Amino acid sequence: MNFLIIGSGFGIYGYLPAIYKNSKKIFLNIKYKKKIEKRMELIRYLKKVIWYFDIKDIDNKIDYAVIALNPKKQFLITKKILRFLKPKHI
C-alpha cells in the first residue's frame, strides 16, 4: 500500500510512524524533509519515503491519502488531490 501524508505536524509525528509498517511507499512533500531530518526519532522512517515537489508529480501512485491539516485547509487540499490523484481512501 502506498500512502500520501499531507501535514507537517501530526502528519509527520503521528501518522508517519503509525503507517510505516503497513506501507510500501510513503509520499511526502519535500518541504517536510528538513523538519524530519532534525528529529532523530523520525530518521528511521525515511527508508520508505518518496519526496515530491508538487502533488501533480505523484501520478496516481497512492492508495491512501492522509490529510492532517486544519479543517479549512483539509477541504481545499482534498479538492486538489481529487483533481490529480485517485486514492482509494482519504
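Above: the structure in question.
Reading the values: rules and limits
Residues numbered from 1 in each chain as written. Predicted model: local features only at pLDDT ≥ 70, side-chain atom pairs only at ≥ 80, totals over all residues. Heavy atoms only, no water. Helix = DSSP H or I, 4+ residues; strand = E, 2+ residues; numbered from the N terminus. Rg over C-alpha atoms; globule rule 2.2 N^0.38 Å. Pairing = 2+ DSSP bridges. Axes fitted to C-alpha atoms, helices over the stretch in contact; angles between N-to-C directions. Contact = heavy atoms within 4.5 Å.

## Points about the overall build of the chain
- Within the chain one finds four helices and four strands.
- Each helix and strand of the chain, placed in order from N terminus to C terminus, yields the pattern β-α-β-α-α-β-β-α.
- Whereas a compact globule of 90 residues would reach a radius of gyration of roughly 12 Å, the chain reaches 12 Å, a difference of no more than 12%.
- Structurally, the chain occupies a C-alpha span of about 35 × 25 × 20 Å along its principal axes.

## Observations concerning the sheet that holds strand 2 (residues 25-29)
- The sheet built from four strands is open, its strands ordered 3-2-1-4 with parallel pairing. In this open sheet, the two edge strands, each paired with only one partner strand, are strand 3 (49-52) and strand 4 (64-67). Pairs of neighbouring strands in the sheet enclose a mean axial angle of 25°, with direction left out of account.
- When strand 1 (residues 2-6) meets strand 4, the two strands line up parallel, connected through four bridges. What sits directly across from I6, in strand 4, is I67.
- On top of the sheet, helix 1 (residues 10-19) reaches strand 1, strand 2 and strand 4; it is set at about 170° to strand 1, its chief contact.
- Running over the sheet, helix 4 (residues 71-84) touches strand 1 and strand 4 and is turned about 155° from strand 4.

## A short note on the environment of L28
- Mapped onto the elements, L28 comes out in strand 2.
- The sequence separation of L28 and Q74 amounts to 46 residues, and the corresponding C-alpha distance is 16 Å.
- Setting aside residues up to four positions removed in sequence, L28 forms contacts with I5, I36, V49, I50, W51 and Y52.

Such coordinate-based values are descriptive only and should not be taken to indicate function.
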